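Chain by chain, the residues run as shown.
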Amino acid sequence: MDTGLLHLHNLLRWIILVLLIASIAIAFSGWQNKKPFTAGAKRIWLFTLIFSHLTLVLGLYQWLWGRYGMLKTTLPEGVSIMKNKFYRFFWVEHPSFMIIAIILITLGYRMSKKPVPDVVKYKRAFWMFVVALLMILLAVPWPFREVVARPWFPGM
Ligand code: HEM
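First things first, this report covers the structure right here in the doc. (Residues numbered from 1 in each chain as written. Predicted model: local features only at pLDDT ≥ 70, side-chain atom pairs only at ≥ 80, totals over all residues. Heavy atoms only, no water.)

What follows concerns the packing of aromatic side chains. Inspection of every chain in the model, using the stated rule, returns 21 aromatic pairs. Between W45 and F129 the ring centres are 5.3 Å apart and the planes differ by 75 degrees, which places this aromatic pair in the edge-to-face class. Taken together, the residues span a long stretch of sequence, with W45 in helix α2 (residues 39–65) and F129 in helix α4 (residues 118–139) at a distance of 84 residues. Take W45 and F129: they sit in the same class, and that class is buried. Among the aromatic residues, those joined into a ring-pair cluster are Y68, F86, Y87, F89, F90 and W91. Lying over the aromatic face of F37, K121 brings its terminal NZ or CZ to 5.3 Å of the ring centre. (Phe/Tyr/Trp six-rings, centres within 6.5 Å; stacked < 30°, edge-to-face > 60°. Helix = DSSP H or I, 4+ residues; strand = E, 2+ residues; numbered from the N terminus. Buried < 20%, exposed > 50% of the residue type's maximum accessible area, 1.4 Å probe, protein only. Lys NZ or Arg CZ within 6 Å of the ring centre and 35° of its normal.)

So this is what it looks like as structure tokens:
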């Protein structure tokens with residue numbers, strides 16, 4: 001089961017990236033062209049929110065009970081979390097960057113409900129989604145990263 005959940009966590013990254021880029025494009029175009037806020041925009045932002053929260057739940061599971069989960073793993077003798085690149089990444093950097101990114105996605109989605117002019121909704125959501133995207137890109141264990149590299153797709 002653990003492997004299946006990790007594969008799902010891996011795969012959801014692509015869904016989040018596609019949805020987040022679509023959310024950014026919608027927010028940018030709405031802001032720049034002063035478009036009225038639409039139900040379609042809200043729906044895409046909502047899907048981005050749902051998939052990021054799902055990834056958060058799966059991530060929390062990996063973090064606590066996964067292969068290297070904090071509640072399951074005993075650090076090798078003499079290893080300290082912050083001095084070990086692998087554990088620092090998966091126990092501290094990856095979770096904290098991703099949690100901040102998901103908070104930003106949540107705040108971006110919430111703009112759709114705020115009683116502010118539509119152009120303000122689009123503009124604020126745009127910036128929140130852009131920062132969230134940058135944080136996700138920085139914190140994914142891409143296959144080209146040293147020490148923490150993981151495959152592009154599950155099971156590769
Ligand atoms: C947008 C949010 C996130 C994305 C895109 C993401 C992406 C990924 C990817 C691509 C992997 C590699 C999977 C593999 O080895 O096949 C991974 C691993 C992992 N993620 Fe996330 N993650 C996110 C959020 C989180 C959060 C919030 C946490 C913890 C609270 C978390 C904890 C972990 C852990 C512990 C692993 C390593 C699991 C293992 O190797 O056993 N992730 N993540």
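Okay, back to it.
Surrounding the ligand, one finds 21 residues, the nearest of these being H9, N10, R67, H94 and R150. Between the ligand and N10 there is a distance of 2.7 Å, counted from an oxygen atom to a side-chain nitrogen or oxygen. Those elements that provide at least two residues to the shell around the ligand are α1 (2–32), α2 and α3 (85–110). Counting residues per element, the shell around the ligand draws most heavily on α2, which supplies six residues. Along the lines of polarity and charge, the residues of the shell around the ligand split into 12 nonpolar, six polar and three charged. (Near = heavy atom within 4 Å. Polar contact = N/O pair within 3.5 Å; in protein donor to acceptor, adjacent residues only side chain to side chain. Nonpolar A, V, L, I, M, F, W, Y, C, P; charged D, E, K, R; others polar.)

This part covers a nonpolar patch on the surface. There is a patch of nonpolar side chains on the surface, built from L11, F144, W152, F153 and M156 and spanning about 560 Å² of accessible area. Summarising the element assignment, M156 is placed in the segment after α4. Given a relative accessible area of 64%, M156 falls into the exposed group. (Patch = residues over 30% accessible without salt bridge, like charges linked within 9 Å, V, L, I, M, F, W, Y side chains within 5 Å. Areas by Shrake-Rupley, 256 points an atom, 1.4 Å probe, with all protein chains shown as cover. Salt bridge = Lys/Arg side-chain N within 4 Å of Asp/Glu carboxyl O.)

The protein atoms that coordinate the iron atom of the ligand are H9 (NE2) and H94 (NE2), at distances of 2.0 Å. Taken together, the six donor atoms surrounding the iron atom of the ligand define angles of 85 to 179 degrees at the centre, an arrangement classified as octahedral. Within this pair, whereas H9 is found in helix α1, its partner H94 is found in helix α3, the two being separated by 85 residues in sequence. In terms of burial, H9 and H94 fall into one category: buried. (Donors = N, O, S within 2.8 Å, 3.2 Å for Na, K, Ca; no water. Tetrahedral: all angles 85-135°; square planar, octahedral: opposite > 155°, others 65-115°.)

Inside soluble globular proteins, nonpolar side chains tend to come together where they are buried. Counting residues in each nonpolar core, the largest one holds 29 residues, and the members touching the most others are L20, I24, W45, F129 and I136. For this core, the secondary structure elements donating two or more residues are α1, α2, α3 and α4. No other element matches the 11 residues that α4 contributes to this core. Each residue touching W45, except ones within four places of it in the same chain, is listed here: S23, I26, A27, F37, G108, Y109, S112, K121, Y122, A125 and F129. (Core = buried A, V, L, I, M, F, W, Y, C linked by side-chain atoms within 4.5 Å. Contact = heavy atoms within 4.5 Å.)

The next point concerns the environment of H94. In this structure H94 comes out as buried when scored by relative accessible area, which is 14%. The sequence separation of H94 and L138 amounts to 44 residues, and the corresponding C-alpha distance is 8.8 Å. If we ignore the near neighbours within four places in the chain, the residues touching H94 are H9, F89, A139 and P141. Within the structure, H94 has its side chain in polar contact with the backbone oxygen of A139 (distance 2.7 Å).

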